[in-house]
Every structure is written in C-alpha cells, then in structure tokens.
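Close look at the chain arrangement
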Amino acid sequence: MDNPDSSKKLLELNSLIEFSQLINSNLELEFILGNILLSIMGRMLITKGMVLIKTNSDKTKDCFKISSAKGITGTEINENIECAFPGEPVFKIEDIDEPHPVLKKNNFSIFFKIYFFNKLLGILCLGKKLNNRYPEKNEIIFIETLLNISSTTIENSLKFAEIKNLNKQLNEKITKLNSLFELGKVFSSNFQSIEETIKLLRYTLLGNYGIKDLIIFSKYRADNFYILSKNTSIEIPEEYISSLNEIRTRVFLKPEHKSNFLKFLFEKDFQLVIPVTNQRNEITSMACLGKKLNNTDYSDADIEFLESIINLSVLSVENSFLFKESIEKQALENELNIAREIQLALLPNSIPEINGYQVSAVNKPAMHVGGDYFDVLRLTDSKYALVIADVTGKGTPASLLMANVQSAVHSFLKFFEDEHFNLIDVTQKINEVIYSNTSSEKFITFFWGILDIEDGSFNYVNAGHNQPLLFRNNEIIYLEEGGLMIGIMESGFPYQSGKVSLNPGDVLVMYTDGVIEQNDTDQLEFGEERLISTVTNSINESTDIILNSILNCVENFGYGMKQFDDQTLIILKKY
Amino acid sequence: MEDFNIKETSNGQIKVLHLEGFLDAHTSSSLESTFNRLIDEKSFKVVVNFDKLSYISSAGLGVFMAYIEQMRNEQGDIKLCEMSDKIYNVFDMLGFPLLFEIYKEEKNAIEKFNAHD
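Residues numbered from 1 in each chain as written. Chains lettered and ligands numbered in written order. Predicted model: local features only at pLDDT ≥ 70, side-chain atom pairs only at ≥ 80, totals over all residues.

It is worth spelling out the pairing of strand β4 (residues 77-81) of chain B at this point. The two faces of the sheet receive side chains in turn, since in a regular strand these alternate between them. Residues and elements named next belong to chain B. Judged by how many residues are buried, β4 sits mostly within the fold: four of five residues are covered. Two elements, strand β3 (residues 45-56) and β4, share five bridges in a ladder whose sense is parallel. Paired with V48 across the strands is L80, a residue of β4. Regarding the hand of the β-α-β motif, the stretch spanning β3, helix α2 (residues 58-73) and β4 is right-handed. (Buried ≥ 20, exposed ≤ 12 C-beta atoms within 10 Å, placed from the backbone. Helix = DSSP H or I, 4+ residues; strand = E, 2+ residues; numbered from the N terminus. Pairing = 2+ DSSP bridges. Right-handed = clockwise from strand over helix to strand, strands pointing away.)

As structure tokens, then:
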C-alpha cells in the first residue's frame, strides 16, 4: 500500500464502485448528473462541467437541454440550446464547426458523448484541467468508464422523468374530469340555487387555473344580454352589452379588436370570451374570463375543459330558472287545488230524499276550479228547490262568483216562507246581488225551480240557462220561461216564471253546457240530440241509471279528448 | 446514509466552515448550497476546517473545484485546513495541493487571508 501508484488505482476503483452504487440508488436526473460532474471534476481537478441532454432527434441540428452545470455562472439550468457536434465519441472544442456561445463563454474544451447502446443521450462538457492541459489518456478512459456505468441510469431516469411527466398530465386530466364530474353531480340536483351554481363555477375556475375574473352575460328569457354575474368592480357601459350579439364563436382578446367592447375587456385584463349555446344552437350566455394566475395563455386543453364547465354551469343556471318557474307554477296549482276543494264543499254532499220522486245529480269538474253549481234543497215537508247554474269563464274568478251565487241562494232560501215566497222576485234579488259583485262581462246562466210534491207542480225561472228537458211519453217539453242571465243588468227587465205539472213517469233533465259541448276527436260536439236519445233509451230506468248512461255516452263520445268544461246534471223522475 | 454537518463561524470577514462526518454524493449538495449562500452574501473568503470530517468522496472533492474559480474571481479564496492524514492523502493523490492552499491549523489559514489585506 505504500506504493503511491497502487493506492491511486485502489482509490480509483473505490470511487468507481461507490459511484455506481450511488447513482443506481436514485432516479433523479439532477442528482445523477450532478454526481457525474462533481466526481469527475474532483478527480481531474477541473473547475467547470456541464451535461447536455438531448431533447429531440431533428435531422439537421440536435437540440439539447442544459440539465446540470457546476462551477459556471450566468448559465440557466434547463436552457435549451441547438448545436451540431462532430461524430466522434470524444472531441475537443476546435472539432466543433460552430460551437454554441455557452460552450465558448465557459471555456469548455473537451466533450464526451453519453451513449445508451447506440442512442445518444447527451454530451458531457468539461473545462480544461488546472494545469491547462487536456486529460491524460488513462483519465479519458476513466471518464468513459464512468459514463458507461451511468448511461443506463441516465436512460432510466429520463424515462422515469417522462413517465412522471405523463403521470402528472394524467393526474391533471383526472383532476379536471373529477371537477367536471363533481360539478355535473351538483348541478344536476335541482335544488341548486343560481348563486350557488355560479359560486361553484368561480371556485372551480380559481382552483384549476387561478382565474379570478369572471363575467357572465345571459339572454335567458330576455331579448338582450344582461349581466348575470360579475365579480369585478369594473363598470360595463350599457351600450357595450348589445354588441355581444355579434359574437358567434369564442374570442381570444387582442388589442386590435374593432369592437369597442372587446377592446375594453382586453384593457381590463380579460383574455377569453366563450359563448354558450343551448340545444337549439342559440347563444344564450356569454362568459368572459380573466387571466390565469400563472399568466400563461389558455391552451386548447384548457379551453376544452373551460367550455365544458361553463356550459355545464350555464345550463344548470337555466335549469334553476326553469325549476323556479315550475315551482311557482306548482304553488299556483296548489292554490287552485285548495280553491277547488273549497268549491266542492259548496256543492251538496248528499241529496235529500223526495217522497214519490227519484233525484240523482252529479258534478264532474274539469281541471281545477270551475263555475258550475247545483243544489237540491228541502224547504218544507212538501217543497223542494232544485238549482243549476254555470258561471262564464273559468278559474278562480268563476269559482268566486259561483261561491257568491251559492251563498245568495242559500241565504234567500233560509228565510223561505211559503206564503211570501215569490220566485221571480227572489231571482231578481239574486241578480242584484251578483250584479253588484261582478263586472258586467261576468254572468251566470241560472235555472231554478220549486217542486211541490203535494200537487206535483214545478214552478221555475230560467235565467239564460240551457233549457232543461222534461221527457213525457214521447214528447219533450223545454223549460224556457225566465229571462236574461243573471249579473248582466241590474234591473229594467222583468223575469218570468214557468210552471209545469209533473206526471208519473215524467223525467226532468237539467244540465250545464259542459255536457253537450264535449268534443270528440273530430271536434264534433256531443250536442242536445245525443243527450235526448240517450235519455230516451233509458227513460224507463232509475235516475241513477239514466245519469250514468248520459255520463258514459259523453265519455265514450269524447274518448281521447280532454274534458274541457265542468259537467253537471240533475235528473228528477216522478214515480 | 451517513451524517454530514456544517458548522459555520466567522472571523472578521472570513467565514470558517467546520465539516463533520461524511462528505459524499448524498451530502455534497448541502455543501453546494452553503457555498451558494456565501456567494449571495458576498462572503468570498472561506476557510474549510476538515478536523471532524471522516470521509470524502470524489463528488465531495468536486464541490471545491466547482467553487474555487468563482471565489478567486471575486478576490476571495477557499483555503483548506486541519485535515487528517487519511483525508490529506486523498487530496494529495489527486493533486489538490497544486490548486488549493492547505494548512495544518485553522489560524494559519486565517492569518494568510489577513496578511493579504
């Protein structure tokens, strides 16, 4: 060991072993290259070293990246350089036709190619030795050995870096997909408010890109764009907004835009305008995005993602609008249903039995509240009132008026005193009450009569109602005496009353226009004739059967059509 | 991995780095960053004390090569001192004494800096 030569060899061998163990323990390119440089510099007394890693295989010139450098200043790690090197595995600066300035500036003088099998991985650049000489032959062999040992590791670490990069890209894609998925999930829930949706969009934009500024213009249920959401304090002049109509495709904002609005947005540091279309390909919204936090331009992949999430968000906002509208509609519908229930409670829930007679009645409402009213009331042991009425129009106003008629009828009949009761006078009084409660375009067709079971008389007033039909043998008597519909005029026209005597076997049919105006699919009305023949066919049956056969016929006739109006029927039959 | 530590003291404008433990490829980066920091602080006069250093590899030696020119370009230097025989032999064998000033004791190295001023 005293022999300096043998101990130098031993040191050389030691350091080779140590080196190979070391670089195989790590896959970080920076660490590996740094060690190659420091080990060679330390052993050869060289003060400058650099490793170039090849980045492409261009035919004419090779491109390299400065991947590690020691002992030099003013050179950027990761800088890309282009340079054509001679074919030899080891060459000197003077062998290079056009040395890159970086090589000259730092006095690199000898170069070693790093091969992995036949593939060029990169170039090791070294300065001269301390004594200003090139390395000796045995030193060159040492360096080549070292590079040979390293090449597999360098290749592995390059591949490792590549995979790491791919992984990173994959992870970015996954993150974005997850964002989309998450947004999609949240947005598809109808309970999302518009504010929440936009907040979520903002957070997603901030989280993925650090995009702070966002303005969304919307045209939803409007002729022109308006600002749906804006998180910057910039004021947008009203006249600019209409120019949004001219934008058909996405716009990268530039200072050269002709449109004042786009120029304005550019000056306010916005970068991108993305239009959003609906299913019918109409542009319904416009999103303006500010710069990314890292100040880089938007890539194609960025835009693809941004368009997806903005589309998703805007559609969700529009869905929220729709949902809100449908909730409001539903609330209205609920109210109408309540009104309907109240109204139904105004109709009699049971019909009094009348000695010697059969009575059946039905009210078959169309949707929601309507304006039909009927009643069968016992006044005295021998007197009964039968009422049927139809308020013009539909919906809440009609139902209110119907309630009004019902209460007027009930009030007047409450004080029924046989000897003082005049059907014509009371009809006129009801007319006055209704008239004072309505505007003149609202009116009521109203028919009522008092049945006296002692003598079988039926005293009636028909105020503009569909004429009730009295079936007697093969004859039909129309109960038409009366006057104008109630609620049109306060006074000035006298009502008249009619009187019929009911014989055994007589059938009286009172109905509202909903019965005979039911359409079939050819828009044909059921009509009075069909009503008459239906009743005639079942004239010998009970009132229940007559009633049901009318309802069945009307229903069959109108099969496949909506029941448009209330249908009300009262059938009275004398034994 | 073996431990490596750098203790830093000052003597006027001169920085003294006391190296301890193993200076090899794994630990050389901490010495590199110390040198980088000294350059940022414009402390170009550095004495490195090897008293407690038990091992140095070629990569460790390379760190000194990588910074010597920069320090000297700024009218500074890296002077080495208090090496054990074992460490000195490594330096010697590779020819470091040609390039670096190597002193037996720390105070000699400091005196040399001061003598120049």
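Let's shift gears to helix α10 (residues 423-437) of chain A. Residues lying three or four places apart along an α-helix face the same way, a consequence of the helix completing one turn every 3.6 residues. Residues and elements named next belong to chain A. If you check α10, its first and last C-alpha atoms are 21 Å apart, about what 15 residues at 1.5 Å a residue would give, namely 21 Å. Taken residue by residue, α10 has V426, T427, I430, N431 and I434 as its buried positions. For α10, the buried positions fall inside an angular range of 145° around the axis, keeping them on one side. Summarising the geometry of α10, the exposed residues directed more than 90 degrees from the buried face are D425 and S436. (Expected span 1.5 Å × (residues − 1). Arc of directions from axis to C-beta.)

Take the sheet that holds strand β1 (residues 49-54) of chain A next. Residue and element names in this part refer to chain A. Spatially, the six strands line up as an open sheet ordered β3-β2-β1-β6-β5-β4, and their pairing is antiparallel. The two strands at the open ends of the sheet, each matched to only one other strand, are β3 (80-83) and β4 (90-92). Within this sheet the neighbouring strands show an average axis-to-axis angle of 30°, counted without direction. Pairing of strand β5 (residues 108-116) with strand β6 (residues 119-127), which is carried by eight bridges, proceeds in the antiparallel orientation. Bridge pairing in β6 places F111 opposite C125. Packed on one face of the sheet, helix α2 (residues 29-44) meets β1, β2 (62-70) and β6 and runs near 65° to β2. (Axes fitted to C-alpha atoms, helices over the stretch in contact; angles between N-to-C directions. Contact = placed C-beta atoms within 7 Å.)

Here we take up the packing of helix α5 (residues 194-209) of chain A against helix α8 (residues 300-346) of chain A. Residues and elements named next belong to chain A. Two numbers describe how α5 lies on α8: the axes approach to 9 Å, and their chain directions differ by 170°. Between α5 and α8, the crossing angle belongs to the class labelled roughly antiparallel. Contacts from I194, T197, I198, L201, T204 and Y209 of α5 reach α8 at D302, I309, S313, S316, V317 and S320. Its residues assigned to classes, the contact of α5 with α8 shows six nonpolar, five polar and one charged. (Parallel < 35°, antiparallel > 145°, perpendicular 65-115°, else oblique. Nonpolar A, V, L, I, M, F, W, Y, C, P; charged D, E, K, R; others polar.)

Contacts between chain B and chain A engage 21 residues on the former and 19 residues on the latter. Of all the secondary-structure elements, those providing two or more residues to the side of chain B that touches chain A are α2, α3 (85-93) and α4 (96-99) of chain B. Here the side of chain B that touches chain A takes 12 residues from α2(B), the largest share from any one element. When the residues that make up the side of chain B that touches chain A are grouped by side-chain class, the tally is 13 nonpolar, seven polar and one charged.

A few words on helix α7 (residues 260-267) of chain A. Residue and element names in this part refer to chain A. Those residues of α7 that fall on the buried side of the exposure criterion are F261, L262 and L265. Take α7 and look down its axis: the buried residues cluster within an arc of 100°, on one side only. Every exposed residue of α7 that faces more than 90 degrees away from the buried side is listed here: N260 and E267. At the exit of α7 stands D269, carrying a positive phi of roughly 75°.

Moving on, we come to the nonpolar core. Membership of the largest hydrophobic core comes to 71 residues, with the highest contact counts inside it found for I40(A), L124(A) and C125(A). In terms of residues, this core owes the most to one element, α2(B), which gives nine residues. Each residue touching I40(A), except ones within four places of it in the same chain, is listed here: I46(A), G49(A), L126(A), I143(A) and L146(A). Judged by nonpolar contacts, the second largest core, of 56 residues, contains A389(A), V426(A), I430(A) and L572(A). (Core = buried A, V, L, I, M, F, W, Y, C linked by C-beta atoms within 7 Å.)

Glancing now at the pairing of strand β17 (residues 469-472) of chain A. Residue and element names in this part refer to chain A. Looking at chain direction, β17 and strand β18 (residues 475-478) are connected through four bridges and run antiparallel. Across the sheet, residue L469 finds its bridge partner in β18, namely Y478. Between β17 and β18, which pair antiparallel in sequence order, lie two residues; one of them, N473, sits at a positive phi of approximately 50°. Strand direction decides the pairing type here: β17 and strand β21 (residues 507-511), joined by three bridges, are antiparallel. Across the sheet, the residue bridging to F471 is V507, located in β21.

Residue and element names in this part refer to chain A. Read across the sheet, five strands follow the order β8-β7-β11-β10-β9 without closing on themselves; strand pairing throughout is antiparallel. Strand pairing shows two members of the sheet lacking a second neighbour, β8 (226-230) and β9 (251-252), which therefore form its edges. Against the sheet, α8 contacts β10 (270-277) and β11 (283-290), and its axis sits at roughly 55° relative to β10.

What follows is about the confidence of the model for chain B. Any residue range with low pLDDT should be treated as having predicted coordinates unsuitable for detailed reading. All names here are of chain B. Summary statistics for chain B give a mean pLDDT of 89 and a share of 97% for residues scoring 70 or more. For chain B, α4 is the element with the lowest average pLDDT, namely 85, and β4 is the one with the highest, namely 95. At the level of chain-chain contacts, confidence expressed as ipTM amounts to 0.78, with global pTM at 0.50. (pLDDT = per-residue confidence, 0-100.)

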